[in-house]
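# Report on the structure
Each chain is listed here by its residues.
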Amino acid sequence: MSWSLVVPGVLGALLVAGGVAALRNGWILPFQRHRVHRTRLFGWAQLVMAAAFAAQVAGQLLDEGEEARVVPGLVALFALLVGLVLAVLAQRPSPDR
């Protein structure tokens, strides 16, 4: 099995677990607690980034050729950027604080 499948798969699974915990219970990893002000938004950011890693793995599993791998790669890139923006917004204090 290739590392290009294992690493994004493991990172995606960890992000799904963290995102579900943040959305359901408001729980965030201890080293992130002092920075994150909006736990639900941070949970959604983690789920979006997990979907990006899933798209990356799906693109690697395609057998049609190099052209068919471009679309999942672009989806993964844009989803990672959206997840990053959501994570940054979750770390900023809300205007009413």
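Attention in this report is confined to the structure presented alongside it. (Residues numbered from 1 in each chain as written. Predicted model: local features only at pLDDT ≥ 70, side-chain atom pairs only at ≥ 80, totals over all residues. Heavy atoms only, no water.)

### Details of the side chain of Gln 46
Residue position: Gln 46 is located in helix 2 (residues 39-61). Judged by its relative accessible area of 9%, Gln 46 is buried. Once residues lying within four places of it in the same chain are set aside, the contact partners of Gln 46 are Leu 15, Gly 18, Gly 19, Ala 22 and Gln 32. (Helix = DSSP H or I, 4+ residues; strand = E, 2+ residues; numbered from the N terminus. Buried < 20%, exposed > 50% of the residue type's maximum accessible area, 1.4 Å probe, protein only. Contact = heavy atoms within 4.5 Å.)

### Things to note about helix 3 (residues 70-91)
In this model helix 3 runs 32 Å from its N-terminal to its C-terminal C-alpha over 22 residues, within 8% of the 32 Å that 1.5 Å per residue would give. Summarising the contacts, the buried residues of helix 3 are in contact with helix 2. (Expected span 1.5 Å × (residues − 1).)

### What about the nonpolar core?
Of all hydrophobic cores here, the largest spans 8 residues; its members are Ala 22, Ile 28, Val 36, Phe 42, Ala 45, Leu 86, Ala 87 and Ala 90. Where this core is concerned, the elements lending two or more residues are helix 2 and helix 3. With 3 residues, the single largest contributor to this core is helix 3. When sequence neighbours within four positions are dropped, the list of residues in contact with Ala 90 reads Val 36, His 37, Arg 38, Leu 41 and Phe 42. (Core = buried A, V, L, I, M, F, W, Y, C linked by side-chain atoms within 4.5 Å.)

### Concerning the packing of helix 1 (residues 3-24) against helix 2
In contact at an axis separation of 8 Å, helix 1 and helix 2 are set at 160° when each is read in the N-to-C sense. When the axes of helix 1 and helix 2 are compared, the pair comes out roughly antiparallel. Remark: the crossing between helix 1 and helix 2 carries left-handed chirality. Its residues assigned to classes, the contact of helix 1 with helix 2 shows 15 nonpolar, 10 polar and 1 charged. (Axes fitted to C-alpha atoms, helices over the stretch in contact; angles between N-to-C directions. Parallel < 35°, antiparallel > 145°, perpendicular 65-115°, else oblique. Left-handed = near helix turned anticlockwise from the far one by under 90°. Nonpolar A, V, L, I, M, F, W, Y, C, P; charged D, E, K, R; others polar.)

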